[in-house]
Amino acid sequence: MDTAPNGRLALARLQERTYDLILSDLRMPELDGSGLYQALAQQLPDLPQRFVFLTGDTVSRETMAFFEQTGVRWLTKPFRAAEVRH
């Protein structure tokens, strides 16, 4: 398991090695979650299907449109480990 304090570092790590699952916050410094997702969709098209987004905010219309357009899964904080496994 690895962590990254911002989206740019996460992007660099994801370009260096493969992960089975990517848990990403929507709001991150330097590169937000949707920007990270879109960059990976272009550079490493097999990775976006491994994403689960986490958000503690009320999901805006723009964010819901992003979720619906991409089909990406997401969880609202707080969540239980069983929800991630599901």
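This text goes with the structure placed above it.
Draft legend 1. Expanded view of the overall build of the protein. Within the protein, the regular secondary structure consists of four helices and three strands. Starting at the N terminus and walking to the C terminus, you meet the elements of the protein as α-β-α-β-α-β-α. The C-alpha atoms of the protein give 12 Å as radius of gyration, which agrees with the globular expectation for 86 residues (12 Å, within 12%). The principal-axis extents of the C-alpha atoms in the protein amount to approximately 30 × 25 × 25 Å. Across the 86 residues of the protein, 34% fall into the buried class. At a minimum sequence separation of 6, the contacts of the protein that also span at least 24 residues come to 45%.

Draft legend 2. Local environment of unusual backbone geometry. Cis rather than trans, the peptide bond between K77 and P78 has omega equal to -10 degrees. Counting through the fold element by element, P78 comes out in the loop between strand 3 (73-76) and helix 4 (81-85).

Draft legend 3. Quick look at the packing of aromatic side chains. Applying the stated criterion across every chain yields a total of eight aromatic pairs. Between F66 and F67 the ring centres are 5.9 Å apart and the planes differ by 45 degrees, which places this aromatic pair in the tilted class. Comparing F66 with F67, the two get one shared label, buried.

Draft legend 4. Representation of the pattern of salt bridges. Scanning the entire structure with this criterion turns up three salt bridges. Salt-bridge contacts for R17 lead to D2; the nearest nitrogen and oxygen are separated by 3.1 Å. Taken as a pair, R17 in the loop between helix 1 (7-16) and strand 1 (22-25) and D2 in the segment before helix 1 lie far apart in primary sequence, 15 residues in all. Given the relative accessible area of 40%, D2 is considered partly exposed. Its salt-bridge partner being R50, residue D46 comes within 3.7 Å of it at the nearest N-O pair.

Draft legend 5. Focus on the environment of L23. Relative to the helices and strands, L23 is located in strand 1. With a relative accessible area of 43%, L23 lands in the partly exposed category. Sequence separation between L23 and P5 is 18 residues; the distance between their C-alpha atoms is 13 Å. Leave out the neighbours within four places in its chain, and L23 touches V52, L54 and V84.

About the thresholds
Counting restarts for each chain: residues are numbered from 1 in the order of the written sequence. Under the rules for a predicted model, residues below a pLDDT of 70 receive no local features and side-chain atom pairs below 80 are neither given nor counted, while totals for whole chains, interfaces and linings still include all residues. Hydrogen atoms and water are omitted, and side-chain values are computed over all heavy atoms in the structure. The secondary structure listing takes helices from DSSP runs of H or I that are at least 4 residues long and strands from runs of E that are at least 2 residues long, numbered from the N terminus. The globule rule is 2.2 Å times the number of residues to the power 0.38, and the radius of gyration it is compared with is taken over C-alpha atoms. Relative accessibility thresholds used throughout: buried, under 20% of the residue-type maximum; exposed, over 50%; partly exposed, between the two (1.4 Å probe, protein chains only). Contact definition: two residues touch when any of their heavy atoms are within 4.5 Å. Here is the rule: rings of Phe, Tyr and Trp (six-membered ring for Trp) pair when centre to centre is within 6.5 Å. Planes less than 30 degrees apart are stacked, more than 60 are edge-to-face, and the remainder are tilted. Any Lys or Arg side-chain nitrogen found within 4 Å of a carboxyl oxygen on Asp or Glu counts as a salt bridge.

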